[in-house]
Amino acid sequence: MITATASADGEPGIRLDRAATAPSGWDELVAADGSSDYPHAAHWTECAARALPGAAALWLTARRDGRLVAGLAAVQQSAGRGPLARRRVDCSVEGTSAGPLVAADLPPLEQESLARDLLRTYRSLRPGPLGAATLALGPDREQRFGPLLAGLGGWTRHASPTAVIDLAGGPGAVEKDRLTMTKRNERNRGLRRGAVVTASREVADLNAYYPLYAAAAAHWGVRPTPLAFLAALLDDPRGRVFFTCVRVEGRVVGGHLNLHLGDRVFAWNGVSDPTCARTHFPATLCFWGDIVEACRRGARWLDVGASGGHASLEGFKKYFGAELQERGYYVDEGPALRLARTMAGRAGSGPAKGGSERRWHDGRTGTPLKGGDA
């Protein structure tokens, strides 16, 4: 534990705790912030620290008169061993959005001062010349804190717009006003042919889905998010995580793990089976299942994530009425890591390889989310 220098008004500064569990008052702060995303919740960071390889949680906090009024949670991870190990501290684990929390009932100038102190302290935790500190800000928080990050300097911003479906009016309004005829027809055909869509909190459904997701990750050449992490999240004691599951003749052919907080549901981890993409349309059914359950929960928005520059994926989401909202991904890399990345970029500056042939659906309709169907 460390405590930073006191703030200008003499109040205690930013405290750093390295602990497996959140400090007291954390989820009350999440509620008081007013624009939080699910990965701000204590359950998310605690699960990540337990389930991700080599991970440990850290919590930055500021209190006023004993009340927790600002904070930032992150996960430290390392790859490799010895002096060449690459270490990172990540405030937005596994493709999610998070960033600083500041109670919205504080005066605006105090909110800004606390956010600045959190971000400066967080950047100071970048672990050495081969390390990196990262964070991503969702749409609301990009407006709120993006200009502040730009003014602090030292951060490199990467635009990462996210696609969001407006759920106003419920499933009927989404179907009538936003869903295209093509997607309505695919949904109806899939259901008529026997596909079953459920909103589940059963780990057995997640276990049945995971081999499909792991096969997709192997195809892309990426490390899959551990099943233990997904299962721990699904066990959220407040019921804020659900799994949209699509089955055909009892076999799981698609799924989305969704994270719900406040008025936003984030369809975070998802993949569908390309072998039945044109017969039962599991990708379309996953999206429809997400919409129905998000509306049932009273959410205003369904966030279906960034598209990674894939025009076909972006177009697929637009069939559901998705609109793009700004999202920023911020990185502070150590000098040795920047140099290594520059050299790797020069070495790989020839013709691009592994493009369309790496698509899980080989040009068929897909749903790449964090783990998606690209």
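Below is a summary of the structure that appears in this document.

Each value, and the rule that gives it
- Residues numbered from 1 in each chain as written.
- Predicted model: local features only at pLDDT ≥ 70, side-chain atom pairs only at ≥ 80, totals over all residues.
- Heavy atoms only, no water.
- Helix = DSSP H or I, 4+ residues; strand = E, 2+ residues; numbered from the N terminus.
- Polar contact = N/O pair within 3.5 Å; in protein donor to acceptor, adjacent residues only side chain to side chain.
- Contact = heavy atoms within 4.5 Å.
- Buried < 20%, exposed > 50% of the residue type's maximum accessible area, 1.4 Å probe, protein only.
- Pairing = 2+ DSSP bridges.
- Right-handed = clockwise from strand over helix to strand, strands pointing away.
- Axes fitted to C-alpha atoms, helices over the stretch in contact; angles between N-to-C directions.
- Parallel < 35°, antiparallel > 145°, perpendicular 65-115°, else oblique.
- Nonpolar A, V, L, I, M, F, W, Y, C, P; charged D, E, K, R; others polar.
- Salt bridge = Lys/Arg side-chain N within 4 Å of Asp/Glu carboxyl O.
- Arc of directions from axis to C-beta.
- Phe/Tyr/Trp six-rings, centres within 6.5 Å; stacked < 30°, edge-to-face > 60°.
- Lys NZ or Arg CZ within 6 Å of the ring centre and 35° of its normal.
- 1 Å grid on protein atoms, 1.4 Å probe; cavity = no way out; pocket = protein on both sides within 12 Å on 5 of 7 lines; lining within 4 Å.
- Points joined across faces, edges and corners; volume = space filled by probe spheres on them.

A look at the side chain of S200
Okay, step 1: Summarising the element assignment, S200 is placed in strand β10 (residues 196-200).
Okay, step 2: For S200, the side chain forms a polar contact with the main-chain nitrogen of E202, separated by 2.9 Å.
Okay, step 3: Engagement of the side chain of S200 in a polar contact is seen with the side chain of D205, the distance being 2.6 Å.
Okay, step 4: The residues contacting S200, other than those within four sequence positions of it, are D205, L234, F242 and F243.

Structural notes on the pairing of strand β14 (residues 301-305)
Okay, step 1: Of all five residues in β14, five are buried; the element is thus mostly enclosed.
Okay, step 2: Sheet analysis places strand β13 (residues 264-272) next to β14, joined by three bridges and oriented parallel. Within the sheet, the bridge partner assigned to F266 lies in β14 and is D303.
Okay, step 3: The β-α-β motif built from β13, the intervening helix α9 (residues 282-296) and the parallel element β14 has right-handed crossover chirality.

Remarks on the packing of helix α6 (residues 181-192) against α9
Two packed helices can be described by the angle between their axes and the distance between those axes.
Okay, step 1: Axis separation between α6 and α9 bottoms out at 9 Å; the angle between their running directions is 100 degrees. Compared by their axis directions, α6 and α9 come out roughly perpendicular. Every residue of α9 that contacts α6 at K183, E186, R187, G190 and L191 is listed here: T284, L285 and W288.
Okay, step 2: The residue makeup of the contact of α6 with α9, split by class, is three nonpolar, two polar and three charged.

Structural notes on the pattern of salt bridges
Okay, step 1: Here the structure, examined in full by the defined rule, presents 23 salt bridges.
Okay, step 2: R144 is the salt-bridge partner of D33, the closest N and O atoms lying 3.0 Å from each other. With D33 in helix α1 (residues 26-33) and R144 in helix α4 (residues 139-152), the pair connects residues that are 111 residues apart, well separated along the chain.
Okay, step 3: The exposure class of D33 is buried, given its relative accessible area of 2%.
Okay, step 4: Here D236 ties to R240 by a salt bridge, and the two come within 2.9 Å at their closest N and O atoms.
Okay, step 5: Residues joined in a network through salt bridges with shared partners are D33, R141 and R144.

Quick look at the sheet that holds strand β12 (residues 251-261)
Okay, step 1: One open sheet holds the seven strands; their spatial order is β10-β11-β12-β13-β14-β9-β15, and the pairing between them is mixed. Two strands bound the open sheet, and with one partner strand each, they are β10 and β15 (323-325). The sheet shows a mean angle of 30 degrees between the axes of neighbouring strands, direction not considered.
Okay, step 2: Strand direction decides the pairing type here: strand β9 (residues 162-166) and β15, joined by three bridges, are antiparallel. For A163, the partnering residue across the bridge sits in β15 and is L324.

Topic: helix α10 (residues 311-318)
Okay, step 1: Three or more residues of α10 are buried, namely L313, F316 and K317. Buried positions in α10, seen along its axis, are confined to an arc of 95 degrees and lie on one side of it.

A closer look at the packing of aromatic side chains
Okay, step 1: The full count for this structure, using the stated rule, is twelve aromatic pairs.
Okay, step 2: Taking the centre distance of 5.8 Å and the plane angle of 75 degrees together, the rings of F229 and W268 count as edge-to-face. You can see F229 sitting in helix α8 (residues 227-234) and its partner W268 sitting in strand β13, a full 39 residues away along the chain. There is no split in this pair, since F229 and W268 are both buried.
Okay, step 3: Among the aromatic side chains, those forming a connected cluster through ring pairs are Y38, W44, F229 and W268.
Okay, step 4: One residue, R187, lies across the ring of W288, its end atom 4.6 Å from the ring centre.

Things to note about the environment of G298
Okay, step 1: With respect to the element layout, G298 can be found in the loop between α9 and β14.
Okay, step 2: A C-alpha to C-alpha distance of 8.5 Å links G298 and G262, two positions 36 residues apart in sequence.

Quick word on α8
Side chains that are three or four residues apart share a direction in an α-helix, a result of its 3.6 residues per turn.
Okay, step 1: Taken together, the buried positions of α8 are F229, L230, L233 and L234. Buried residues of α8 fall within an arc of 135 degrees about the axis and therefore sit on the same side.

Some remarks on empty space enclosed by the protein
Okay, step 1: Inspection of every chain in the model, using the stated rule, returns two cavities of 30 Å³ or more.
Okay, step 2: For the largest cavity, the calculated volume is near 70 Å³.
Okay, step 3: Considering the residues around the largest cavity, the lining is formed by 14 residues, among which P39, T45, A73, C91 and A98 are closest to the centre.
Okay, step 4: Breaking the lining of the largest cavity down by element, the ones donating at least two residues are α2 (42-51) and β4 (67-79).
Okay, step 5: Within the lining of the largest cavity, the residues separate by chemical class into nine nonpolar, four polar and one charged.

Purely spatial values, then, with no claim about function.
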